Amino acid sequence: MRIIKTKDYDQMSRVAGDIMGAQVRLKPRSVLGLATGSTPIGLYKELVRKHREEYLDFSQIISFNLDEYVGLSSEDPQSYRYFMDKHLLKDINIAYENTHLMSGVADDLEAEAANYDRMIDAQGGIDMQLLGMGNNGHIGFNEPEEHFIGPSHLVNLSSSTIDANARFFAGPGEVPKQAVTLGFRQIMQAKKVLLIVSGRAKADVLRKALEGSVHPRVPASILQLHRDLTVVGDEEALYWYKG
Ligand code: F6R
C-alpha cells in the first residue's frame, strides 16, 4: 500500500490526476473503473485539463462506473450517468459506446448486475479502479454488512448513506433507497486501486480501514489485502498518518 498525503483537496486532485493520467498514457487501452460523488470532481477536472492542454488521449479507453441509483434513468440529472457525462465523459475524447454504467431502470436488476460483471470480465478486468469512500467506510455502494459480497448486485442503501447523499437531492426523502453496485470481486481483481479521500469527517473511518482489522463492517478495510493500492488523501483525512 502506498499512502500519499497532500496539503488539500486541490493537491489531492492533481496528484490523483497524475496517477490516472499516467495509466492512460502508459496503457492507452486501459479499462478504467470510475466513481461519482463530490470527491472525484477535482480529479475529473484535472483529467479534462490534461486532455485539452497536454494531449492526454482517451480514444481507446473503456470505462465502467461503480454504481447507479435504482429508479433513475440516464436522463435524470441525479443519475450517475448524468453526473459522469457532465463531469468527465462529454469533455474528453472517449468513445461514448465504450463508457458503461449499470442501468438503474432495468427490469431485472440482479441480471443487469450479473451481465455487467460478464462485460468487465470480457474486457480482461479493470486495470485501474478509482474509489471514493463513504462516511461509513463504503466503497462503491458496498455498505457495512456481515459479509463481503463478491458479485455485482442490488443493494439497499444504509440510512447514513441516504443522509450523506441527501445534499445532492431536494431532501433525504428524495434519495433512492436502492442502488446497483460493483461487488468486491471486480474491485479486488482490479490490477490497481486508487482510493481518494478528503476531509476530517472521513479521517477516523479511513484510519480504521487502513490500520484496523479487515471486516465487512468497514467495507474499505478489504483494500488492505489488495496487491496494488494507492491512497491519496488530504491533510485533514490523513492527519493521523505520520509516515
Ligand atoms: C460513488 C461511490 C461512493 C462514493 C462515496 C463518497 O460512485 O461509489 O462510494 O465514492 O459515497 O462520496 P463523496 O465523494 O460524495 O463523499
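Here is what the cut-offs are and how they apply
Residues numbered from 1 in each chain as written. Predicted model: local features only at pLDDT ≥ 70, side-chain atom pairs only at ≥ 80, totals over all residues. Heavy atoms only, no water. Helix = DSSP H or I, 4+ residues; strand = E, 2+ residues; numbered from the N terminus. Rg over C-alpha atoms; globule rule 2.2 N^0.38 Å. Buried < 20%, exposed > 50% of the residue type's maximum accessible area, 1.4 Å probe, protein only. Contact = heavy atoms within 4.5 Å. Areas by Shrake-Rupley, 256 points an atom, 1.4 Å probe, with all protein chains shown as cover. Lys, Arg positive; Asp, Glu negative; His and termini not counted. Charge placed at Lys NZ, Arg CZ, Asp CG, Glu CD. 1 Å grid on protein atoms, 1.4 Å probe; cavity = no way out; pocket = protein on both sides within 12 Å on 5 of 7 lines; lining within 4 Å. Points joined across faces, edges and corners; volume = space filled by probe spheres on them. Core = buried A, V, L, I, M, F, W, Y, C linked by side-chain atoms within 4.5 Å. Phe/Tyr/Trp six-rings, centres within 6.5 Å; stacked < 30°, edge-to-face > 60°. Axes fitted to C-alpha atoms, helices over the stretch in contact; angles between N-to-C directions. Parallel < 35°, antiparallel > 145°, perpendicular 65-115°, else oblique. Left-handed = near helix turned anticlockwise from the far one by under 90°. Nonpolar A, V, L, I, M, F, W, Y, C, P; charged D, E, K, R; others polar. Pairing = 2+ DSSP bridges.

Caption draft 1: Inspection of the overall build of the protein chain at higher detail. When helices and strands are counted, the protein chain shows seven helices and 10 strands. For 243 residues, the compact-globule estimate of 2.2 N^0.38 gives 18 Å, and the protein chain sits close to it at 17 Å. For the protein chain, the spread of C-alpha atoms along the three principal axes comes to 50 × 40 × 35 Å. Evaluated residue by residue, the protein chain yields a buried proportion of 53% over its 243 residues. Look at the contacts in the protein chain between residues 6 or more apart in sequence, and 79% of them connect residues 24 or more apart. Accessible surface for the protein chain amounts to roughly 10700 Å². Of this, 51% is attributable to carbon and sulfur atoms. Across the protein chain, the mean location of the 27 positive side-chain charges is 6 Å away from that of the 32 negative side-chain charges.

Caption draft 2: Local environment of empty space enclosed by the protein. Following the criterion strictly, the structure yields two cavities of 30 Å³ or more and no others. In this structure, the largest cavity spans a volume of roughly 50 Å³. What lines the largest cavity is Asn142, Glu143, Glu145, His147, Ile149, His153, Val155 and Phe184. Approximately 30 Å³ is the volume found for the second largest cavity. What lines the second largest cavity is simply Leu32, Leu34, Leu47, Phe58, Ile61, Leu88, Leu89, Ile92 and Ile94.

Caption draft 3: Local environment of the nonpolar core. Membership of the largest hydrophobic core comes to 62 residues, with the highest contact counts inside it found for Met20, Tyr44, Leu88, Ile139, Leu195, Leu206 and Leu223. Dropping the residues within four chain positions of it, isoleucine 139 is found in contact with Leu131, Gly132, Met133, Phe184, Ile187, Pro219, Ala220, Ile222 and Leu223. In terms of nonpolar packing, the next biggest core, distinct from the first, is built from 12 residues, Tyr69, Phe141, Phe169 and Ala179 among them.

Caption draft 4: Helix H3 (residues 80-87), seen in detail. Residues of H3 that are buried: Tyr80, Arg81, Phe83, Met84 and Asp85. In this fold, the buried residues of H3 make contact with strand E2 (31-34), helix H2 (41-54), strand E3 (62-65), strand E4 (67-69), strand E5 (99-100) and helix H5 (159-165).

Caption draft 5: Representation of the packing of aromatic side chains. Applying the stated criterion across every chain, the model contains seven aromatic pairs. On the basis of an interplanar angle of 40° and a centroid distance of 4.7 Å, the ring pair of tyrosine 69 and tyrosine 80 is categorised as tilted. Of this pair, tyrosine 69 sits in strand E4 while tyrosine 80 is found in helix H3, placing the two residues 11 residues apart along the sequence. For the pair tyrosine 69 and tyrosine 80, one class covers both residues: buried. Both rings, one in tyrosine 69 and one in phenylalanine 169, keep their centres 5.6 Å apart while their planes meet at 80°; by these two values the pair is edge-to-face. Of this pair, tyrosine 69 sits in strand E4 while phenylalanine 169 is found in the loop between H5 and strand E8 (178-181), placing the two residues 100 residues apart along the sequence. Under the relative-accessibility criterion, phenylalanine 169 is labelled buried at 12%. Taken together, the ring pairs in this structure connect Tyr69, Tyr80, Phe141 and Phe169 into an aromatic cluster.

Caption draft 6: Local environment of the packing of helix H1 (residues 9-26) against H2. Viewed as axis vectors pointing N to C, H1 and H2 meet at an angle of 55°, and their least axial separation amounts to 8 Å. On the basis of their axis angle, the class for H1 and H2 is oblique. The hand of the H1/H2 crossing is right-handed. Residue-level contacts link Tyr9, Ser13, Arg14, Ala16, Gly17, Asp18, Met20, Gly21 and Arg25 of H1 to Ile41, Gly42, Leu43, Glu46, Leu47, Lys50 and Glu54 of H2. Across the contact of H1 with H2, the residue classes break down as six nonpolar, four polar and six charged.

Caption draft 7: Representation of the sheet that holds strand E1 (residues 2-6) within the structure. If you walk across this open sheet you meet the seven strands as E1-E10-E9-E6-E2-E3-E5, and the pairing is parallel. The sheet is open, and its two borders are formed by E1 and E5, each paired with just one other strand. Taken together, the five bridges between strand E9 (residues 192-197) and strand E10 (residues 229-234) define a ladder with parallel strand orientation. Note on E10: the bridge partner recorded for isoleucine 196 is valine 232.

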